[in-house]
Amino acid sequence: MIRILLAEDDDVMREYLARALTSAGYHVTAVDRGTAAVPYIDSGTFDLLLSDIVMPEMDGIELAQHTAKVAPQTQVMFITGFAAVSLRAEENVPQAKLLSKPFHLKDLVREVDTLFDRADRSSQS
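Everything quoted here is computed from the prediction, not taken from an experiment.

Draft legend 1. Representation of the packing of aromatic side chains in the model. Taken as a whole and assessed by the stated rule, the structure comprises two aromatic pairs. On the numbers, 6.1 Å between centres and 85° between planes, the contact of Tyr-40 with Phe-46 is edge-to-face. Judged by its relative accessible area of 3%, Phe-46 falls in the buried class. Cation over ring: Arg-3 sits above Phe-46, and NZ or CZ is 4.7 Å from the ring centre.

Right under this line is the structure:
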């Protein structure tokens, strides 16, 4: 099963995203900030880091850079509602996928399915 680490500081958004991805067949571990995600990333057992960019203590870009160093096999996808922050993310972590808020939960699942070549399942929804 594909394992996703979700780092999102908004409680409601984190719950919605985790529920949608779990319903789509992914194993999701959710945390409320970048610093809480670090021990999970250090374990090296996640296929995807799905992270908000703007978070307290450690932002998503710093978290993605840490991920690239300690778990380079882990793919990264950012979610953000800030256009200027999106540009900064693209400059600092060019290999990361970026999904801009607002988005529909089906769009998120479709993007993750595509990332893991599960397009056959995505086309059925």
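Draft legend 2. Up close: the sheet that holds strand E3 (residues 48-52). Pairing is parallel across the open sheet formed by five strands, whose spatial order is E2-E1-E3-E4-E5. On the outer flanks of this sheet lie strand E2 (27-31) and strand E5 (97-100), each paired with one strand and no other. Recorded for the sheet is a direction-independent mean angle of 20° between the axes of neighbouring strands. As paired strands, strand E1 (residues 3-7) and E2 are joined by five bridges and run parallel to one another. Bridge assignment links Ala-7 to a residue of E2, and that residue is Val-31. Relative to E2, helix H1 (residues 11-23) is tilted by about 170°, and along the sheet it contacts E1, E2, E3 and strand E4 (75-80). Across the sheet, helix H5 (residues 105-115) is in contact with E1, E3, E4 and E5; its angle to E4 comes to roughly 165°.

Draft legend 3. Expanded view of the nonpolar core. The biggest cluster of nonpolar side chains holds 20 residues, and the ones touching the most others in it are Ile-4, Leu-21, Tyr-26, Leu-50, Leu-108 and Val-112. Looking at this core, the elements that each hand over two or more residues are E1, H1, E3, E4 and H5. Ranked by the residues each element gives to this core, the list is headed by H1, at four residues. Among the nonpolar cores identified, the runner-up in size contains 19 residues, and Leu-5, Ala-36, Ile-53 and Met-55 belong to it.

Draft legend 4. Representation of unusual backbone geometry. Note the cis peptide between Lys-101 and Pro-102, where omega equals 0°. Here Pro-102 is to be found in the loop between E5 and H5. In this model, Glu-57 sits at a positive phi of 70°, which is unusual for a non-glycine residue. Within the element layout of this structure, Glu-57 appears in the loop between E3 and helix H3 (60-70). Note on Glu-57: relative accessible area 61%, which makes it exposed.

Draft legend 5. A look at H3. All buried positions along H3 are accounted for by Gly-60, Ile-61, Leu-63, Ala-64 and Thr-67. Along the axis of H3, the buried positions cluster into a sector of 160°, meaning they face one direction only. For H3, the capping residue at the N-terminal end is Asp-59, with a side-chain oxygen 3.0 Å from the backbone nitrogen of Ile-61.

Calculation notes
Residues numbered from 1 in each chain as written. Predicted model: local features only at pLDDT ≥ 70, side-chain atom pairs only at ≥ 80, totals over all residues. Heavy atoms only, no water. Phe/Tyr/Trp six-rings, centres within 6.5 Å; stacked < 30°, edge-to-face > 60°. Buried < 20%, exposed > 50% of the residue type's maximum accessible area, 1.4 Å probe, protein only. Lys NZ or Arg CZ within 6 Å of the ring centre and 35° of its normal. Pairing = 2+ DSSP bridges. Helix = DSSP H or I, 4+ residues; strand = E, 2+ residues; numbered from the N terminus. Axes fitted to C-alpha atoms, helices over the stretch in contact; angles between N-to-C directions. Contact = heavy atoms within 4.5 Å. Core = buried A, V, L, I, M, F, W, Y, C linked by side-chain atoms within 4.5 Å. Arc of directions from axis to C-beta. Polar contact = N/O pair within 3.5 Å; in protein donor to acceptor, adjacent residues only side chain to side chain.

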